[in-house]
Amino acid sequence: QAADSKREQFRQYLEKSGVLDMLTKVLVALYEEPEKPDSALDFLKHHLGASAPENPEIEALRLEVAEMKEKYEAVLEENKKLKTKV
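For clarity, every value in this text was computed on a predicted model and none was experimentally measured. (Residues numbered from 1 in each chain as written. Predicted model: local features only at pLDDT ≥ 70, side-chain atom pairs only at ≥ 80, totals over all residues. Heavy atoms only, no water.)

A.B. asks: Would you take a moment to explain the overall build of the chain for this structure?
C.D. replies: The number of helices and strands found in the chain is 4 helices and 0 strands. Relative to the 2.2 N^0.38 estimate, which gives 12 Å for 86 residues, the radius of gyration of the chain is 25 Å and therefore markedly larger than a compact globule would have. Judged by the C-alpha coordinates and their principal axes, the chain covers about 85 × 30 × 20 Å. As displayed, the chain has an accessible area near 8100 Å², and 58% of this comes from carbon and sulfur atoms. (Helix = DSSP H or I, 4+ residues; strand = E, 2+ residues; numbered from the N terminus. Rg over C-alpha atoms; globule rule 2.2 N^0.38 Å. Areas by Shrake-Rupley, 256 points an atom, 1.4 Å probe, with all protein chains shown as cover.)

A.B. asks: Hey, could you run me through the packing of aromatic side chains in this one?
C.D. replies: Two aromatic rings are characterised by how far apart their centres lie and by the angle between their planes. The tally for this structure, following the rule as stated, stands at 1 aromatic pair. When the ring centre of Tyr-31 is taken as origin, the NZ or CZ atom of Lys-36, which lies over that ring, is 5.9 Å away. (Phe/Tyr/Trp six-rings, centres within 6.5 Å; stacked < 30°, edge-to-face > 60°. Lys NZ or Arg CZ within 6 Å of the ring centre and 35° of its normal.)

A.B. asks: I keep staring at a nonpolar patch on the surface and nothing clicks. Help me out?
C.D. replies: A contiguous nonpolar patch, built from Val-19, Met-22, Leu-23, Leu-27 and Leu-48 and spanning about 390 Å² of accessible area, is present on the exposed surface. Per-element tally for the nonpolar patch: the top contributor is helix α2 (residues 19-32), with 4 residues. As for its placement among the helices and strands, Leu-48 is situated in helix α3 (residues 40-48). Taking the relative accessible area as the measure of exposure, Leu-48 reaches 39% and is therefore partly exposed. (Patch = residues over 30% accessible without salt bridge, like charges linked within 9 Å, V, L, I, M, F, W, Y side chains within 5 Å. Salt bridge = Lys/Arg side-chain N within 4 Å of Asp/Glu carboxyl O. Buried < 20%, exposed > 50% of the residue type's maximum accessible area, 1.4 Å probe, protein only.)

A.B. asks: Could you clarify how one ought to interpret the UniProt feature "coiled-coil region" (unreviewed entry) in the chain in this entry?
C.D. replies: Those places that UniProt annotates as "coiled-coil region" (unreviewed entry) correspond, in this numbering, to residues 58-85. When the span residues 58-85 is considered, its composition is 100% helix and 0% strand, and the gap between its end C-alpha atoms is 41 Å. (UniProt positions renumbered as here; feature names shortened; annotations may be inferred.)

A.B. asks: Explain the packing of α2 against α3 here, please?
C.D. replies: The relative placement of two packed helices is expressed as an angle between their axes plus a distance between the axes. Contact geometry of α2 with α3 gives a least axis separation of 10 Å together with a crossing angle of 130°. Here α2 lies oblique to α3, going by the angle between them. In this structure, α2 crosses over α3, and the sense of that crossing is right-handed. The segment α2 lies against α3, with Met-22, Leu-23, Val-26, Leu-27, Ala-29 and Leu-30 engaging Ala-40, Phe-43, Leu-44, His-47 and Leu-48. Here the residues of the contact of α2 with α3 sort into 10 nonpolar, 1 polar and no charged. (Axes fitted to C-alpha atoms, helices over the stretch in contact; angles between N-to-C directions. Parallel < 35°, antiparallel > 145°, perpendicular 65-115°, else oblique. Left-handed = near helix turned anticlockwise from the far one by under 90°. Contact = heavy atoms within 4.5 Å. Nonpolar A, V, L, I, M, F, W, Y, C, P; charged D, E, K, R; others polar.)

Written out as structure tokens, the structure reads:
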């Protein structure tokens with residue numbers, strides 16, 4: 001009986017604070033998604049606006065990609081100049 005009372009109080013708390021409504025909306029959006037995402041959890045996090053903190057490895061990889069793009073552009077430019085000389 002006491003457990004049911006606590007459960008009901010908690011449900012009311014979630015309802016009053018808008019949590020149930022928000023979760024329902026996000027779950028409905030996931031249900032209506034024509035192509036289901038690979039990760040339902042990532043979908044929920046994204047739509048609730050609570051993305052997990054960035055992994056340091058991901059940031060390092062982003063920096064590496066940016067550097068590689070710069071080098072690639074430089075090589076393309078050099079290649080272009082060399083082609084005009086030929």
